[in-house]
Amino acid sequence: ERLQSELQPLHLEVKNESHGRKSDESHFHVLVVSKAFDGLKPLQRHRLVNGLFTAEDGSLKFHSLRITAKTPAMWEQDPSVSARPKCTGKDD
């Protein structure tokens, strides 16, 4: 809800990438395309999205958040998303 209201995304996907088990809910990927990212550097876009998922103390409610944040022009030019990295510590 907060992401929708603050970024008004043109495209949004949230995917549970928790070691292949949906019940785990520890690793997520957020793909968001928004005009709010126009003029922002990649790190600024990531910080903006990350801030929408953190508690007041700066903590996440889950272990990992992978972010793909693109402007509409970037998305139109290349709608691909890089593959998720392997997470150490488990059998993946």
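Placed above this text is the structure.
Residues numbered from 1 in each chain as written. Predicted model: local features only at pLDDT ≥ 70, side-chain atom pairs only at ≥ 80, totals over all residues. Heavy atoms only, no water.

Participant: Hey, could you run me through the overall build of the protein chain in this one?
Facilitator: Check the secondary structure of the protein chain and you find three helices and three strands. Secondary structure elements in the protein chain, listed N-terminal to C-terminal, are α-β-β-α-β-α. Within the protein chain, counting contacts between residues at least 6 apart in sequence, those at least 24 apart form 53% of the total. Total accessible area on the protein chain stands at roughly 6400 Å², and carbon and sulfur atoms take up 49% of it. (Helix = DSSP H or I, 4+ residues; strand = E, 2+ residues; numbered from the N terminus. Contact = heavy atoms within 4.5 Å. Areas by Shrake-Rupley, 256 points an atom, 1.4 Å probe, with all protein chains shown as cover.)

Participant: Honestly, unusual backbone geometry in this entry has me stumped. Any pointers?
Facilitator: In the Ramachandran plot, Gln 8 falls in the positive-phi region, its phi being about 45° despite a non-glycine side chain. The topology assignment puts Gln 8 in the loop between α1 (2–7) and β1 (11–16).

Participant: Would you mind going over the pairing of strand β3 (residues 64–70) with me for this structure?
Facilitator: Each regular strand carries side chains that alternate between the two faces of the sheet. For β3, a buried count of six out of seven residues is recorded, marking the element as mostly surrounded by other parts of the structure. Both strand β2 (residues 27–33) and β3 contribute to a ladder of seven bridges, which runs parallel. Looking at the pairing, His 27 lines up with Ser 64 of β3. For the handedness criterion, the β-α-β arrangement of β2, helix α2 (residues 42–51) and β3 is classed as right-handed. (Buried < 20%, exposed > 50% of the residue type's maximum accessible area, 1.4 Å probe, protein only. Pairing = 2+ DSSP bridges. Right-handed = clockwise from strand over helix to strand, strands pointing away.)

Participant: Would you take a moment to explain the nonpolar core for this structure?
Facilitator: Nonpolar side chains tend to gather and get buried jointly when the protein is soluble and globular. Counting residues in hydrophobic clusters, the biggest one holds 12 residues: Leu 3, Leu 7, Phe 28, Val 30, Val 32, Phe 37, Val 49, Leu 52, Phe 62, Leu 65, Ile 67 and Ala 69. Looking at this core, the elements with two or more residues in it are α1, β2 and β3. Here Leu 3 is in contact with Gln 8, Pro 9, Leu 12, Val 30, Val 32, Val 49, Leu 52 and Phe 53, once residues within four sequence places are set aside. (Core = buried A, V, L, I, M, F, W, Y, C linked by side-chain atoms within 4.5 Å.)

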